[in-house]
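# Per-entry structural report
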Amino acid sequence: SRGLGDVYKRQMLYHRELVERMQEKYPPGTRVEVVSLCNEEEHLKPGMKGTVVGVDDQPALLVDWDNGSSLSLLIGKDHFRVVPQQEESPGMAMQ
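A few points on the structure. (Residues numbered from 1 in each chain as written. Predicted model: local features only at pLDDT ≥ 70, side-chain atom pairs only at ≥ 80, totals over all residues. Heavy atoms only, no water.)

## Considerations on the sheet that holds strand β1 (residues 31–36)
Operational definition: For two strands to count as paired, DSSP must find a minimum of two bridges between them. By definition, any uninterrupted DSSP run of H or I lasting at least four residues is a helix, any uninterrupted run of E lasting at least two residues is a strand, and each is numbered from the N terminus.
Taken in spatial order, the 5 strands make up an open sheet running β4-β3-β2-β1-β5, and their pairing is antiparallel. Lying at the two open borders of the sheet, with one neighbouring strand each, are β4 (73–74) and β5 (79–82). Across 3 bridges, β1 lies against strand β2 (residues 49–55) in antiparallel orientation. Paired with Glu33 across the two strands is Lys49, which belongs to β2.

Right, here's the structure in full:
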């Protein structure tokens, strides 16, 4: 029979692959907009936009919000969307 160590290793491998997929899907510089959050946050409301700076091991999206906040988005719990570049106003577009 397989030991718990094997199950743990498979879960860790799956988790590592998930984190890597999220890093590929949301590279630094990706613009995102909050749709809804799993928790009420005073500094982060639906419609707010920010720029992805990375993905941590949760995996959570590390975001530099336009309002100065740095709260992370929990992938799979918080709802957000990627903002297409053409939606950004010309003054806000990243160079």
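## A short note on the pattern of salt bridges
To keep things clear, this is the line we draw: The rule for a salt bridge is simple: a side-chain nitrogen of Lys or Arg has to be within 4 Å of a carboxyl oxygen of Asp or Glu. The buried label goes to any residue with under 20% of its type's maximum accessible area, the exposed label to any with over 50%, and the partly exposed label to all in between, with areas taken from a 1.4 Å probe on protein chains only.
Enumeration over the complete set of coordinates arrives at 5 salt bridges. With its nearest N and O atoms 2.8 Å apart, the salt bridge here joins Asp66 to Arg31. With Asp66 in the loop between β3 (60–65) and β4 and Arg31 in strand β1, this pair connects stretches of sequence that are 35 residues apart. The exposure class assigned to Arg31 is buried, which follows from its relative accessible area of 9%. Arg81 is the salt-bridge partner of Glu87, the closest N and O atoms lying 2.5 Å from each other. Accessibility expressed as a relative area gives 29% for Arg81, which makes it partly exposed.

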